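# Understanding the architecture of this molecule
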Amino acid sequence: VNPGTVSLSNAAKAEIYGAEAALTTLLTDNLQLDVGAAYTHAEYTDYKDASAFVLTPIGLSTNEFLPDVDGYQMQRAPKWTANLGMVYTIPLSVGSVALSGNYYYTSKFPFDTAGQYFQKAYDLLNVKAAWTDPSERWELAVFATNVLDEKYNAQVLPGLPAIQRTYGEPVSVGISAAFKY
């Protein structure tokens with residue numbers, strides 16, 4: 001974005017490769033384990049005149065073009081992500097109760113092409129207790145998300161005249177009901 005004009009640019013070349021592994025298994029009849037991890041190498045290898053938004057001393061941003069961002073990490077592409085989940089199901093005469101937890105990790109990553117606005121590494125932990133009726137059509141649950149109260153950015157949008165930021169959801173607690181038809 002330049003005053004009065006908007007242009008679209010694209011990297012001429014990028015290099016992306018990685019590996020991912022996931023496992024879901026029953027440790028016992030009632031205990032399920034889900035584990036996964038991914039590595040991603042994602043960088044620009046030929047990108048001239050990438051747009052960068054720079055904050056001025058008065059807090060507004062201006063647009064500059066960087067001559068070369070070759071070797072910069074691609075935006076929204078963390079090198080590492082991982083998850084670990086467990087579900088313990090307790091059979092009852094009136095259905096079942098499932099106690100579950102899910103942990104997620106991501107390494108740092110940039111929100112912009114120029115690598116100026118990074119999200120630091122963060123962890124999220126969610127938990128849930130759910131009752132399912134014997135017909136398995138109804139579920140009532142209580143849950144908590146972001147139990148660790150991690151502060152993170154869901155989005156950073158560099159632009160003129162300011163850098164816009166959306167924060168991730170804080171600790172949230174709730175109840176839910178579901179019906180399968």
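Refer to the structure above for everything that follows.
Everything in this summary refers to the structure shown in the same document. Every chain is numbered on its own, with residues counted from 1 as its sequence reads. In keeping with the predicted nature of the model, local features appear solely for residues at pLDDT of at least 70, side-chain atom pairs appear and are counted solely at 80 or more, and the whole-chain, interface and lining totals rest on all residues. To obtain the side-chain values, all non-hydrogen atoms of the structure were included, while hydrogens and water were left out.

Side-chain atoms within 4.5 Å link the members of a nonpolar core, which is a set of buried Ala, Val, Leu, Ile, Met, Phe, Trp, Tyr and Cys residues. Between buried and exposed lies partly exposed: a residue is buried under 20% and exposed over 50% of the maximum accessible area for its type, with that area taken using a 1.4 Å probe on protein chains only. One finds Phe53, Phe109, Phe111, Tyr117, Tyr122, Leu124, Tyr152, Val156 and Ile163 forming the largest nonpolar core, which totals nine residues. A contact between two residues is defined here by any heavy atoms of the two lying within 4.5 Å. When residues no more than four places from it in sequence are discounted, the contact partners of Tyr152 are Gln119, Tyr122, Leu124, Asn146, Tyr167, Gly168 and Glu169. Membership of the second largest hydrophobic core comes to eight residues, among which are Ala11, Ala42, Tyr44 and Ala77.

Attention shifts here to the packing of aromatic side chains. For Phe, Tyr and Trp, where Trp contributes only its six-membered ring, two rings pair if their centres lie within 6.5 Å, and the inter-plane angle classes them as stacked under 30 degrees, edge-to-face over 60, or tilted in between. Applying the stated criterion across every chain yields a total of five aromatic pairs. Both rings, one in Tyr39 and one in Trp80, keep their centres 4.9 Å apart while their planes meet at 55°; by these two values the pair is tilted. Here Tyr39 is found in strand 2 (residues 31-46), whereas its partner Trp80 is found in strand 5 (residues 80-92), with 41 residues between them in sequence. Judged by relative accessible area, which is 26%, Tyr39 ranks as partly exposed. Here the aromatic rings of Tyr44 and Tyr47 are separated by 5.2 Å at their centres, their planes lie at 65°, and the arrangement is edge-to-face. Look at Tyr44 and you get buried, because its relative accessible area is 6%. For a lysine, the NZ atom is tested; for an arginine, the CZ atom; a charge sits over a ring if that atom is within 6 Å of the ring centre and within 35 degrees of the ring normal. Over the face of the ring belonging to Phe118 we find Lys108, whose NZ or CZ atom lies 4.8 Å from the ring centre. The helix count covers DSSP runs of H or I at least four residues long, the strand count covers runs of E at least two residues long, and both are numbered beginning at the N terminus.

Turning our eyes to something else, we now look at the pattern of salt bridges. A carboxyl oxygen of Asp or Glu within 4 Å of a side-chain nitrogen of Lys or Arg is what we treat as a salt bridge. For the structure shown, the criterion picks out six salt bridges. One salt bridge in this structure joins Asp46 and Lys48, with 3.3 Å as the shortest N-O distance. Accessibility expressed as a relative area gives 44% for Lys48, which makes it partly exposed. Overlapping salt bridges bring together Asp46, Lys48, Asp68 and Asp70 as one network.

At least two DSSP bridges between two strands are needed for those strands to be called paired. Read from one edge of the open sheet, seven strands run 1-2-5-6-9-10-13, paired in antiparallel fashion. Two strands in the sheet have a free side with no partner beyond their single neighbour: strand 1 (13-26) and strand 13 (172-179). The sheet shows a mean angle of 15° between the axes of neighbouring strands, direction not considered. In terms of strand pairing, strand 6 (residues 95-106) meets strand 9 (residues 122-132) through eleven bridges, oriented antiparallel. When the sheet's bridge partners are listed, Ser96 is paired in strand 9 with Thr132. Angles shown run from 0 to 180 degrees and are taken between the N-to-C directions of axes, each axis being a line fitted to C-alpha atoms and, for helices, limited to the stretch in contact.

The phi dihedral of Glu136 is positive, around 60°, even though this residue is not glycine. The phi dihedral of Asp149 falls on the positive side, at around 55°, and the residue is not glycine. Residue placement: Asp149 occurs in the loop between strand 10 (138-145) and strand 11 (153-157).

This part is about a nonpolar patch on the surface. Taken together, Tyr88, Ile90, Leu92, Val94 and Leu99 make up a surface patch of nonpolar side chains, about 400 Å² in accessible area. In terms of residue count, the dominant contributor to the nonpolar patch is strand 5 (three residues). Looking at the secondary structure, you find Tyr88 in strand 5. Patches here are clusters of residues that have more than 30% relative accessible area and form no salt bridge, with a 9 Å joining cutoff for like charges and a 5 Å cutoff for nonpolar side chains (Val, Leu, Ile, Met, Phe, Trp, Tyr). Each accessible area is a Shrake-Rupley estimate made with a 1.4 Å probe; only the visible protein chains count as cover when residues are assessed.

For the rest of this paragraph, the subject is the pairing of strand 1. The buried count for strand 1 comes to zero of 14 residues, which makes it a mostly uncovered element. Bridge count between strand 1 and strand 2: 14 bridges; the pairing is antiparallel. By the bridge assignment for strand 2, Leu23 is matched with Val35. In this structure, the hairpin formed by strand 1 and strand 2 is closed by a connection of four residues.

Attention shifts here to the environment of Ala82. Its place among the elements puts Ala82 in strand 5. Using a relative accessible area of 24% as the deciding quantity, one classes Ala82 as partly exposed. Residues contacting Ala82, with those up to four places away along its chain left out, are Gly36, Ala37, Tyr103, Tyr104 and Tyr105.

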